[in-house]
Amino acid sequence: MNENDVTVHYWASARAAAGVAEEHVPAGTLAELLTEISTRHRARDRFDDVIATCSILVGDTPVGAREPATIALHAGDTVEFLPPFAGG
């Protein structure tokens with residue numbers, strides 16, 4: 001882990017698509033992080049499709065519809081990818 005890295009957590013189908021539950025990624029914005037993880041996992045079927053359906057949290061804050069390039073990331077931040085869940 002680099003001192004400038006953020007920690008990425010993948011949950012449920014996002015974990016299956018990535019093939020890992022967690023990884024460390026150097027990124028200054030959410031847009032940079034999305035580009036980096038897409039590059040890292042380009043050989044995995046459906047990774048980009050699954051990530052596109054996920055809710056994203058930076059720390060405890062949902063990203064929602066905000067533009068990823070405007071969301072700053074800092075060393076030690078945690079980014080969570082939460083796919084839609086079915087329940088009842």
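These numbers were taken from a predicted model, which means no experiment stands behind them. (Residues numbered from 1 in each chain as written. Predicted model: local features only at pLDDT ≥ 70, side-chain atom pairs only at ≥ 80, totals over all residues. Heavy atoms only, no water.)

1. A word on helix 2 (residues 30-40)
Among all positions in helix 2, only Leu30, Leu33 and Ile37 are buried. The buried side chains of helix 2 occupy one side of the element, clustering within an arc of 55° when seen end-on. (Buried < 20%, exposed > 50% of the residue type's maximum accessible area, 1.4 Å probe, protein only. Helix = DSSP H or I, 4+ residues; strand = E, 2+ residues; numbered from the N terminus. Arc of directions from axis to C-beta.)

2. What to know about the packing of aromatic side chains
Per the stated rule, a full pass over the model turns up two aromatic pairs. On the basis of an interplanar angle of 75° and a centroid distance of 6.0 Å, the ring pair of Tyr10 and Phe47 is categorised as edge-to-face. Taken together, the positions of Tyr10 in strand 1 (residues 5-10) and Phe47 in helix 3 (residues 47-53) put the pair 37 residues apart, joining distant regions of the chain. Like Phe47, Tyr10 is buried. When the ring of Tyr10 is compared with that of Phe81, the centres are 5.7 Å apart and the planes differ by 25°; the resulting orientation is stacked. You can see Tyr10 sitting in strand 1 and its partner Phe81 sitting in strand 5 (residues 78-82), a full 71 residues away along the chain. Just as Tyr10 is buried, Phe81 falls in that class too. Members of the aromatic cluster, joined through ring pairs, are Tyr10, Phe47 and Phe81. (Phe/Tyr/Trp six-rings, centres within 6.5 Å; stacked < 30°, edge-to-face > 60°.)

Honestly, it's all geometry; don't read function into it.
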